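Each chain, letter by letter, is given below.
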Amino acid sequence: MTENDTFAFDPEGNAASALGFSAVGVHAGFRADPERLDMALVVADEPCAAAATFTTNVFCAAPVRVSREHLNEGGAGSPAYGCARAVVVNSGIANAATGEIGLENARKTAELVGEAVGCPADEVLVASTGVIGQHLRLEPFAEGVPAALAAMAKVADDLVGRTSQGLTAARAIMTTDTCPKHGSVSFSGDGIGYPGVTFTVGGMCKGAGMIMPNMATMIAVITTDVPIAAPDLSQALTAAVNKSFNKVTVDSDTSTNDTCFALASGAAAPDGPTFAPGTPAFDAFQRALDQLATTLARKMAADGEGATRLITVTVRGAATADDADAAARTVANSPLVKTAVYGHDANWGRVAAALGRSGARFNQEDVDIDILGLPVCRAGLVVDFDEEEALRRFEEPEVAIEVDLHAGEESATMWTCDFSHEYVTINGDYRS
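The model shown is predicted, which means the values in this text are computed figures rather than measured ones.

1. Observations regarding the overall build of the protein
- Regarding its fold elements, the protein presents 11 helices and 15 strands.
- Computed over the C-alpha atoms, the radius of gyration of the protein is 22 Å, within 12% of the 22 Å expected from 2.2 N^0.38 for a compact globule of 432 residues.
- Taking as baseline every contact in the protein between residues at least 6 positions apart, the subset at least 24 positions apart corresponds to 80%.
- Within the structure as shown, the protein displays about 16,900 Å² of accessible surface, and the carbon and sulfur contribution to it stands at 51%.
- Where the 29 positive side-chain charges of the protein centre and where its 56 negative ones centre are 4 Å apart.

2. Here we look at the packing of aromatic side chains
- Under the counting rule described, the total for this entry stands at 7 aromatic pairs.
- Plain terms: the ring middles of F7 and F187 are 5.7 Å apart, the flat faces sit at 20° to each other, and that makes the pair stacked. You can see F7 sitting in strand β1 (residues 7-10) and its partner F187 sitting in strand β6 (residues 181-188), a full 180 residues away along the chain.
- Following the ring pairs from residue to residue traces out a cluster consisting of F7, F187, Y194, F199 and F275.
- The lysine or arginine in question, K338, covers the ring of F419, its NZ or CZ lying 4.3 Å from the ring centre.

3. Remarks on the pairing of strand β4 (residues 80-93)
- Burial runs high along β4: 12 of the 14 residues are buried.
- In this sheet, β4 lies alongside strand β3 (residues 39-54) in antiparallel orientation, the contact comprising 10 bridges. Bridge assignment links A40 to a residue of β4, and that residue is V89.

4. Remarks on the sheet that holds strand β13 (residues 381-382)
- Reading across the sheet, the 6 strands line up as β13-β12-β11-β14-β10-β15 and stay open at both edges, with mixed pairing between neighbours. Looking at strand neighbours, the two that pair on one side only are β13 and β15 (410-417), the edges of this open sheet.
- In this structure, strand β11 (residues 368-371) lies alongside strand β14 (residues 398-404), joined through 4 bridges in antiparallel fashion. For D370, the partnering residue across the bridge sits in β14 and is E402.
- Those strands touched by helix α7 (residues 321-333) are β10 (310-318) and β15, and its axis lies near 20° from that of β15.

5. Things to note about the side chain of S420
- For S420, the location among the structural elements is in the loop between β15 and α11 (421-428).
- Among all residues touching S420, those that are not within four sequence positions of it are G306 and Y342.

6. Re the nonpolar core
- In terms of nonpolar packing, the biggest core is built from 42 residues, with F187, F199, F245, F275 and F285 touching the most fellow members.
- Listed by contribution, the elements that provide at least two residues to this core are β3, β6, β7 (198-206), β8 (219-224), α5 (230-243), β9 (259-264) and α6 (280-302).
- Ranked by the residues each element gives to this core, the list is headed by α6, at 12 residues.
- Judged by nonpolar contacts, the second largest core, of 32 residues, contains W348, V376, A390 and A412.

7. Concerning helix α2 (residues 99-117)
- With 19 residues, α2 extends 27 Å between its outermost C-alpha atoms, agreeing within 8% with the 27 Å of an ideal straight helix rising 1.5 Å per residue.
- Among the residues making up α2, those that are buried are G102, L103, N105, A106, T109, A110, V113, G114 and V117.
- On its buried side, α2 packs onto β3, α1 (62-70), β4, β5 (124-131) and α3 (139-154).
- Once α2 ends, the next one or two residues include G118, with phi positive near 100°.

8. Some thoughts on the packing of α5 against α6
- Look at α5 against α6: their axes get within 9 Å of each other, and the N-to-C directions meet at 40°. One finds that α5 runs oblique with respect to α6. The two elements α5 and α6 meet at a crossing, and its hand is right-handed. Contacts between α5 and α6 involve D232, L233, Q235, A236, L237, A239, A240 and K243 on the former and, on the latter, F282, F285, Q286, L289, D290, A293 and T294.

9. Comments concerning the packing of α1 against α2
- The N-to-C vectors of α1 and α2 enclose an angle of 55°; their axes lie 8 Å apart at closest approach. In terms of their interaxial angle, α1 and α2 are classed as oblique. Handedness of the crossing formed by α1 with α2: right-handed. For the pair α1 and α2, contact is made by A62, P63, R65, V66, E69 and H70 and by G102, L103, A106, R107 and A110, respectively.
- Among the residues forming the contact of α1 with α2, the class breakdown is 6 nonpolar, 2 polar and 3 charged.

10. Details of the environment of D158
- Position of D158 among the secondary structure elements: in the loop between α3 and α4 (159-172).
- Under the relative-accessibility criterion, D158 is labelled partly exposed at 37%.
- Here V160 takes part through its backbone nitrogen, which lies 3.2 Å from a polar atom of the side chain of D158.

11. Some words on the pattern of salt bridges
- This structure, assessed with the given rule, holds 14 salt bridges.
- A salt bridge links D45 to R162; its shortest N-O distance comes to 3.2 Å. In this pair, D45 sits in strand β3 while R162 sits in helix α4, placing the two residues 117 residues apart along the sequence.
- For D45, a relative accessible area of 38% corresponds to the partly exposed category.
- The class for R162 is buried, based on a relative accessible area of 11%.
- One salt bridge in this structure joins K181 and D177, with 2.7 Å as the shortest N-O distance. The pair K181 / D177 is uniform in exposure class, with both members buried.
- Connected via shared salt-bridge partners are D177, K181 and D303.

Definitions and cut-offs
- Residues numbered from 1 in each chain as written.
- Predicted model: local features only at pLDDT ≥ 70, side-chain atom pairs only at ≥ 80, totals over all residues.
- Heavy atoms only, no water.
- Helix = DSSP H or I, 4+ residues; strand = E, 2+ residues; numbered from the N terminus.
- Rg over C-alpha atoms; globule rule 2.2 N^0.38 Å.
- Contact = heavy atoms within 4.5 Å.
- Areas by Shrake-Rupley, 256 points an atom, 1.4 Å probe, with all protein chains shown as cover.
- Lys, Arg positive; Asp, Glu negative; His and termini not counted.
- Charge placed at Lys NZ, Arg CZ, Asp CG, Glu CD.
- Phe/Tyr/Trp six-rings, centres within 6.5 Å; stacked < 30°, edge-to-face > 60°.
- Lys NZ or Arg CZ within 6 Å of the ring centre and 35° of its normal.
- Buried < 20%, exposed > 50% of the residue type's maximum accessible area, 1.4 Å probe, protein only.
- Pairing = 2+ DSSP bridges.
- Axes fitted to C-alpha atoms, helices over the stretch in contact; angles between N-to-C directions.
- Core = buried A, V, L, I, M, F, W, Y, C linked by side-chain atoms within 4.5 Å.
- Expected span 1.5 Å × (residues − 1).
- Parallel < 35°, antiparallel > 145°, perpendicular 65-115°, else oblique.
- Left-handed = near helix turned anticlockwise from the far one by under 90°.
- Nonpolar A, V, L, I, M, F, W, Y, C, P; charged D, E, K, R; others polar.
- Polar contact = N/O pair within 3.5 Å; in protein donor to acceptor, adjacent residues only side chain to side chain.
- Salt bridge = Lys/Arg side-chain N within 4 Å of Asp/Glu carboxyl O.

In C-alpha cells form, the structure reads like this:
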C-alpha cells in the first residue's frame, strides 16, 4: 500500500454494495407478521469464489452441515471454500436439532433456489436463524424466492437501486436484533497495481443473543468485487474473523447456527490478475475486510439483547496471546462485571476476580485496571477515584475496561455489553 491510500466506510453499505451482487429481503411467511421481512436472498451475477467459517458447536444446525458440504469443508474448523452463486437466509426458524428431516429440507431449499436462479444446488449456500427444534417449512421459500428475484430484476441495471435494496436483506435476517447491521468499505487500486479502480467490501450480519462465537457470528454475509481465488479468500476471511467476530461475546453461548459467508465476484477488475497473498493488493483487501468485520462485530455487541452499553475490554501486558485472550474473554463474560456496568458501578474488584480465574498467568501485585479512563487499581491495590466523575462517564454509550497485567507483551480486545433486566425478559419470552 502507499501512504496515500484511503479506506472509506459507508454506513449505508451492505451485501449489494460490491459490483456483481444483488441482495433483497422479503416476507416469505416464516413469521406470522406480514409486515416483517423474514427471508434474504443474495445473488451473484455469475458463479464466484466463496468461503465461509462455521460454528464449532457439535450440535450444529442442518444448514451449517449442508453449506459445509457445498464448500467442501474437510471437517469442523478446517478451511471451507469453493464456488457459489447465491446465499439464502431465513429468520424465525433455526432448522437446528431437526435430524434427517432438517437436512433434507436444507438440501431442498438449495435445490429450489438453484432452480430459480439458474445454478446447481451446490452453488447455493443456506443459513437459518431462530428457534431451535422446529422443522423448516419449504412453502415460504417457494413463494419468497420468486418474489425476491422479481424485486431484484426491477433494479438490475441501477447500482444505486441495488445498493438501496440490499438494506432490506439486512433487516430480513434479524431475530431479536433491534436494528439492522451492515456497512461497506471501499479502497483505491492506485498504487497496488489497479490504477483508477475502486474496490468494495460490503456485508451484513445479525446477532444479539446466544453469542460467543468460536468461528464467526450468528449470521454474516460479506461480498466483494476484488478478483481473488477461493483458497485465498478463505485465508483472508479466517484472519478477519479471528480479529473481529471471534472477539465478541454477549452471553458466552455459542450458537448452533453461526455462519459467516464471503463471496468475491472480481467484477471491479475482471481483466486484472487475482489478489495473491503477499502482494500489496491482498494486504489492502485484508485491511478493508478487517475493518468491515470489526465494525459489524462492534455493532453486534452494542445491540446485545437488552443492552444499554457497549463494553470494550482490553488486556495488555500478557505473557502469551492465549493468556491475553483468556483474561479479556473472562472479564467480558462475567455476569458480575456486566451487571456492574448496567448499574453504573465502577466495581473494579469484579474485574480483578474475573482476571484471577481466567487462567492467565500474572502476579496480582503487578496488575493495573482502568475503567472509563479512570485509574481504579494500581499494582493490585485500590486507587481513590471520583465516584461522581465515574457516574458521569457511565453516561457514555461505550464503557472501556483496560487492564495491564505487566507479565509480557501480548494484548487482546473483546467486545461485549451489559446485562439488564430486559435480557432476562427477552430470553424468558423467546418462544412466546
